[in-house]
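# A look at the structure
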Amino acid sequence: MLQSFLLAGFLQGLLIALFFLFHKTEVNKKAHRVLGVFLLAVSINMLAAAGFTSGNMADFPYLIRVAELLPFLYPPLILFYTYYILYPEERFFQGYLLLFLPLVAGLIVLFPFYLKPAAEKVEIYSAMLKGNYPFSFYLLFIAKSLYGIIVLVICFLKVQRAEKLVRYIYSETRGREISWLKYLLLAFFFMWLMATLRFMIGFKINSVYVPGILLTALIYLLSYFTLKQKQLFSHSDVELLNEIDGSGDQAPENSFTPAENRPVQNDIPEETGSRNRIENAEKIFDQVLNTSVNQKVYLNKELTLQQLAGLCGVRPNILSAVLNDYYQKNFYDFVNELRAKEAVTRLQDNAFSHLTIEALAEECGFKSKSTFYQSFKKLTGQTPTQYKKGLVC
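Conventions adopted
Residues numbered from 1 in each chain as written. Predicted model: local features only at pLDDT ≥ 70, side-chain atom pairs only at ≥ 80, totals over all residues. Heavy atoms only, no water. Helix = DSSP H or I, 4+ residues; strand = E, 2+ residues; numbered from the N terminus. Buried < 20%, exposed > 50% of the residue type's maximum accessible area, 1.4 Å probe, protein only. Contact = heavy atoms within 4.5 Å. Phe/Tyr/Trp six-rings, centres within 6.5 Å; stacked < 30°, edge-to-face > 60°. Lys NZ or Arg CZ within 6 Å of the ring centre and 35° of its normal. Axes fitted to C-alpha atoms, helices over the stretch in contact; angles between N-to-C directions. Parallel < 35°, antiparallel > 145°, perpendicular 65-115°, else oblique. Nonpolar A, V, L, I, M, F, W, Y, C, P; charged D, E, K, R; others polar. Core = buried A, V, L, I, M, F, W, Y, C linked by side-chain atoms within 4.5 Å.

### Section: the overall build of the protein
The secondary structure content of the protein amounts to 16 helices and 0 strands. Residue burial in the protein is summarised as follows: out of 393 residues, 48% are buried. Excluding contacts between residues fewer than 6 apart, the proportion of contacts in the protein whose partners are at least 24 apart in sequence is 74%.

### A short note on unusual backbone geometry
Its identity is not glycine, yet N28 carries a phi of approximately 55°, on the positive side. Within the fold, N28 resides in the loop between α1 (2-22) and α2 (29-54). Overall, N28 belongs to the buried group, its relative accessible area being 2%. For K296, which is not glycine, the phi torsion reads 50° and is therefore positive. Tracing the chain through its elements places K296 in the loop between α10 (277-295) and α11 (305-312).

### A few points about the packing of aromatic side chains
As enumerated under the stated definition, the model contains 23 aromatic pairs in all. Ring geometry for F137 versus Y138: centroids 6.0 Å apart, planes at 85°, classification edge-to-face. According to the relative accessible area criterion, F137 is buried, its value standing at 10%. The structure contains a cluster of three or more aromatic residues connected by ring pairs, namely F366, F372, Y373, F376 and Y387. Above the ring of F113, the side-chain terminus of R65 is found at 5.1 Å from the ring centroid. Geometry around Y170 places R176 over its ring, the cationic atom sitting 3.5 Å from the centre.

### Observations regarding the packing of α11 against helix α12 (residues 316-327)
At a minimum axis separation of 9 Å, α11 and α12 run at an interaxial angle of 95°. Relative to α12, α11 is oriented roughly perpendicular. The residues of α12 that touch α11, namely those facing L305, Q306, L308 and A309, are P316, L319 and S320. Here the residues of the contact of α11 with α12 are counted per class, giving 5 nonpolar, 2 polar and no charged.

### Some details on the nonpolar core
Judged by nonpolar contacts, the single largest core of 84 residues is most densely connected at F38, Y81, F233 and F334. Examining the composition of this core, we find that 12 residues originate from one element, helix α6 (residues 135-169), more than from any other. Ignoring anything within four residues of it in the chain, the contact list for F38 reads Y74, L77, I78, F188 and L222. In this structure, L355, I357, C364 and F372 belong to the second largest nonpolar core, which totals 13 residues.

If you want it as structure tokens, here you go:
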């Protein structure tokens, strides 16, 4: 009965893998293809697990322990997938091919087994079914578990950082949410952790079923959110973030592209010099604030850092640095605080009393209700409804 779950997981995973490998899309195309390869590897491993636990592998000795190396593909594929969800138009660094070294090491460990005669392979396989595993099995099991946990932590941190970076160039995060990816990475992390714990308490052959069932559920969730996800950062966004990184701003902690591939910063204006930076930055900030308030550019729901910089006649990376240095907030917080102040002004004006809270928020430039409530409460210490009731009293 439980093996049927693994077989069902194999068939479902195979169909979904083929879909992501061959369907036509222009959004997150690279992430879709990597996900297809990942799901194909998982599906084949599920089939191998079903065959291994059933005892039927003895009829195919040349396949014994072949699929044991497949989990070494999971961590790099998950990292590639995460990277392309976050930066879909970027090329992957060649250095990341080193992530496949554990797979090569595992192949070296198992190579002597693959050279054994068929009868000896079947004998070892029969012993494994009874719970007597060779040393190489334990060695590879620990390596796969630790490798997966380390890479998943790295992916989680990359997603967390990307969530922060969105706020450096966009005034609205709706449509760019990637919290689902964090939660799924956590789910995979706990699965890997469970795999490590089952080894510590004594691996049993039946324990492969529960992870198999959970993995089937995660495949559906991962597929659903991947299809739903819109493009997060364009190539121009990444170039801008690299410029912000090179301007002395505190936004990114490290660079997105290798130093030799970055644009040369040979035209940075005088205001970035250490001697004149404070004086000139104060003037730039006043200019940005005056332009934002006088022209009410924050009413534009799609306002970006590049657009505001263009209106103020400064480079986007300089604007970002100024906001962080003299406003102590990123672009997202800067714009949404102005929107919240506009909402306060309109709530106090009877001319807007006919509007609902949601309609007022939309007119003030907010695209998301949650962003409006967070920004408003951060400014006033009250929700919009509480503030409105206080005005009536």
